[in-house]
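# Report on the structure
As a plain string of letters, each chain reads:
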Amino acid sequence: MTILDRFSKDHPDRVADIKIGPGMGSTANFLSLLHDPRVAGTWVAFADQDDVWMPHKLTRALGQLKTCGSDCGVYASRSIHTKADLTPLQTSPQFNRPLRIGNAVVQNVLAGNTIVMSPAFASRMQGTVEVAQRHGVPFHDWWVYLVATATNTFIFLDDEPGLYYRQHGQNVMGAGAMRRFDRFRKLTSHQFSDWAAQNIAALLDTEGLLSVEAKSILEALVEWGSQPKKRRPSLGEMGIYRQSRRGDFILSGLARTGLLTFSGMNN
């Protein structure tokens, strides 16, 4: 905060306000910022404290969103993973399958530190914050992906990296072999199932915001979770998928073993 306060004093024309979040983790902090009335009708970019934006990040994001017009609402990009001293390690994965609600319910592909939202979509997101907080959605960027796909909002996922993403022991969600193992461990535990159920319950509580397709899929998943395993259709048949065949295989295994359900959370 000391650095931000000093920057604000030196550049009053560039910093409108510095707001302290609730101190309950990154998701709660970002959601509280989205809830600020001044966010409505403005361009919004999430910024993590330890990443380095490339010079073109914002101009490229706004250019892409403005090019595709009112249909576009969300921009996100790949990033270059680095060591703490910014030594490059690798580029984040490229996702080639469609960005639809059938993917969003089981996977987040939008890196929060790269997200930029149009004024119209920022207002829409603001209207979902209280619901998200009430249901305890696990990740703010996943929530953006869910709301965007559930409302047929076009997402521009840029292959061009827009920032350097530092990897260190304090990352909430990092990259690399150990982070992949940690995500796999969570995926194959009930924690992932609980996260998915929280997200679905929150979406179904958004008061008519959902597209007909999204509502149908979400309600079908809740019903699927309450059925005996032997009677359930495959998730693939229901249009549920991850961004890789390996991910689909793991998802299918979770469904067969009963480690994955989309019901049972409090509404």
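Structure: see above.
Residues numbered from 1 in each chain as written. Predicted model: local features only at pLDDT ≥ 70, side-chain atom pairs only at ≥ 80, totals over all residues. Heavy atoms only, no water.

A few words now on the pattern of salt bridges. In total, this model carries five salt bridges according to the counting rule given. We note a salt bridge from Arg97 to Asp248, for which the minimum N-O separation is 2.5 Å. Taken together, the positions of Arg97 in the loop between strand S5 (88-91) and helix H4 (101-104) and Asp248 in helix H11 (residues 245-257) put the pair 151 residues apart, joining distant regions of the chain. For Asp248, a relative accessible area of 24% translates into the label partly exposed. Note that Asp205 and Arg134 form a salt bridge whose closest N and O atoms lie 2.7 Å from each other. Residue Asp205 is found in the loop between helix H9 (190-203) and helix H10 (212-226), and its partner Arg134 is found in helix H6 (residues 129-135); the two are separated by 71 residues along the sequence. For Asp205, a relative accessible area of 22% translates into the label partly exposed. (Salt bridge = Lys/Arg side-chain N within 4 Å of Asp/Glu carboxyl O. Helix = DSSP H or I, 4+ residues; strand = E, 2+ residues; numbered from the N terminus. Buried < 20%, exposed > 50% of the residue type's maximum accessible area, 1.4 Å probe, protein only.)

This next bit is on the sheet that holds strand S7 (residues 154-158). Taken in spatial order, the four strands make up an open sheet running S1-S6-S3-S7, and their pairing is mixed. Each end of this open sheet is capped by a strand with a single partner; those strands are strand S1 (44-45) and S7. As paired strands, strand S3 (residues 72-77) and strand S6 (residues 116-117) are joined by two bridges and run antiparallel to one another. Among the inter-strand pairings, Tyr75 is bridged to a residue of S6, identified as Val116. Its contacts with the sheet place helix H3 (residues 57-67) against S1, S3, S6 and S7, and it is angled at close to 145° to S3. Together, S3, S6 and S7 form the strand contacts of helix H7 (residues 140-150), whose direction differs from that of S7 by roughly 130°. (Pairing = 2+ DSSP bridges. Contact = heavy atoms within 4.5 Å. Axes fitted to C-alpha atoms, helices over the stretch in contact; angles between N-to-C directions.)

Take the packing of aromatic side chains next. The relation between two aromatic rings is expressed through the spacing of the ring centres and the mutual angle of the planes. This structure, assessed with the given rule, holds six aromatic pairs. Ring centres of Trp142 and Phe192 lie 6.2 Å apart, and the angle between their planes is 15°; on these two criteria the pair is classed as stacked. Of this pair, Trp142 sits in helix H7 while Phe192 is found in helix H9, placing the two residues 50 residues apart along the sequence. Like Phe192, Trp142 is buried. With centroids separated by 5.6 Å and ring planes inclined at 55°, the aromatic side chains of Trp224 and Phe262 adopt a geometry described as tilted. One end of the pair, Trp224, is in helix H10; the other, Phe262, is in the segment after H11, and 38 residues separate them in sequence. (Phe/Tyr/Trp six-rings, centres within 6.5 Å; stacked < 30°, edge-to-face > 60°.)

Once that is clear, we can look at unusual backbone geometry. At Leu86, a residue that is not glycine, the phi angle is positive and equals roughly 75°. Mapped onto the elements of the fold, Leu86 is located in the loop between strand S4 (80-82) and S5. One non-glycine residue, Glu207, lies in positive phi territory at about 55°. Here Glu207 is to be found in the loop between H9 and H10. By relative accessible area, Glu207 is classed as exposed at 72%.

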